[in-house]
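# Observations on the three-dimensional arrangement
What follows is the residue order along each chain.
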Amino acid sequence: YSDDDYMFLTTAVEYLDPRQQIFMGAFGKESMVWANGRYVKDLSYLNRDPKNIVVIEKDIKNLGKYHQNAIVLPEFKG
């Protein structure tokens, strides 16, 4: 689950897991929900067991109540 668009995300998943042994799906920013004036990742919206979902995130505020599912990326300053 990432806030990147679905096309980028599927390309990244195919690169990381070409045999589809790790990832069972990918959800991009199209799957985020509007709450409290911003888009957030609501894992209950995905209709899957939250313990099996990994969220890749750049902004901790986008996680809602699912901080335990997140891999928070450090800010990149190129």
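As a reminder, the structure under discussion sits directly above these lines.
Predicted, not measured: the structure shown is a model, and the values here were computed from it.

With that out of the way, let us pick up the overall build of the chain. A count of helices and strands for the chain gives one helix and four strands. Secondary structure elements in the chain, listed N-terminal to C-terminal, are α-β-β-β-β. Computed over the C-alpha atoms, the radius of gyration of the chain is 13 Å, within 12% of the 12 Å expected from 2.2 N^0.38 for a compact globule of 78 residues. Along the three orthogonal principal directions, the C-alpha set of the chain runs to about 40 × 35 × 20 Å. Accessible area for the chain stands at about 6100 Å²; split by element, carbon and sulfur atoms hold 55% of it. Charged side chains of the chain number 10 positive and 11 negative; the gap between the two group centres comes to 4 Å.

Counting residues in hydrophobic clusters, the biggest one holds eight residues: Tyr1, Met32, Leu43, Leu46, Ile53, Val55, Leu63 and Tyr66. With sequence-adjacent residues up to four places away left out, valine 55 is seen in contact with Tyr1, Lys41, Leu43, Leu63, Asn69, Ala70 and Ile71.

This part takes up the environment of aspartate 17. Its place among the elements puts aspartate 17 in the loop between helix H1 (6-16) and strand S1 (33-35). Take aspartate 17: its relative accessible area is 5%, and that puts it in the buried class. Taking the C-alpha atoms as reference points, aspartate 17 and glutamate 30, separated by 13 residues in sequence, lie 22 Å from one another. Dropping the residues within four chain positions of it, aspartate 17 is found in contact with Ile22 and Phe23.

With that settled, consider unusual backbone geometry. Within the chain, asparagine 36 stands out as a residue other than glycine whose phi angle is a positive 55°. Of note, asparagine 36 is situated in the loop between S1 and strand S2 (38-40). Here the phi dihedral of asparagine 47 falls at roughly 60°; this positive angle occurs in a residue that is not glycine.

Quick look at the pattern of salt bridges now. With the rule as written, the count across this model stands at two salt bridges. Two residues, aspartate 59 and arginine 38, come together in a salt bridge whose shortest N-O distance is 3.3 Å. Of the two residues, aspartate 59 is situated in the loop between strand S3 (55-57) and strand S4 (70-72) and arginine 38 in strand S2; the sequence distance between them amounts to 21 residues. Its relative accessible area of 28% is what places arginine 38 among the partly exposed residues.

Relative to the helices and strands, lysine 65 is located in the loop between S3 and S4. Classification of lysine 65 as exposed rests on a relative accessible area of 65%. With 22 residues separating them in the primary sequence, lysine 65 and leucine 43 have C-alpha atoms 9.0 Å apart.

On to the side chain of lysine 41, then. With respect to the secondary-structure elements, lysine 41 resides in the loop between S2 and S3. For lysine 41, a relative accessible area of 1% puts it in the buried group. If near-sequence neighbours (up to four positions away) are discounted, lysine 41 is found in contact with Tyr1, Ser2, Asp3, Met32, Val55, Ile56, Glu57, Asn62, Leu63 and Tyr66.

Conventions and cut-offs
- Each chain has its residues counted from 1, running along the sequence as written.
- It should be noted that, the model being predicted, local features are given only for residues of pLDDT at least 70 and side-chain atom pairs only at 80 or more, the latter also being counted only at that level, while totals for whole chains, interfaces and linings use all residues.
- Excluded from the side-chain calculation are hydrogens and water; included are all heavy atoms of the structure.
- Strands here mean DSSP runs of E at least two residues long; helices mean DSSP runs of H or I at least four residues long; both are numbered from the N terminus.
- Just to be clear, the radius of gyration here is over C-alpha atoms, and the globule rule we use is 2.2 Å times residues to the power 0.38.
- Per-residue accessibility takes into account occlusion by the displayed protein chains alone, with areas from the Shrake-Rupley method and a 1.4 Å probe.
- Charged-residue counts in this description rest on Lys and Arg as positive and Asp and Glu as negative, His and the chain ends being excluded.
- In this description, the location of a charge corresponds to atom NZ of lysine, CZ of arginine, CG of aspartate or CD of glutamate.
- As used here, the term nonpolar core means buried Ala, Val, Leu, Ile, Met, Phe, Trp, Tyr and Cys residues forming a set that is joined through side-chain atoms within 4.5 Å.
- Type-normalised accessible area, obtained with a 1.4 Å probe on protein chains alone, sets the label of each residue: buried when under 20%, exposed when over 50%, and partly exposed for intermediate values.
- We call two residues contacting when some pair of their heavy atoms lies within 4.5 Å.
- Whenever Lys or Arg places a side-chain nitrogen within 4 Å of a carboxyl oxygen from Asp or Glu, that contact is recorded as a salt bridge.

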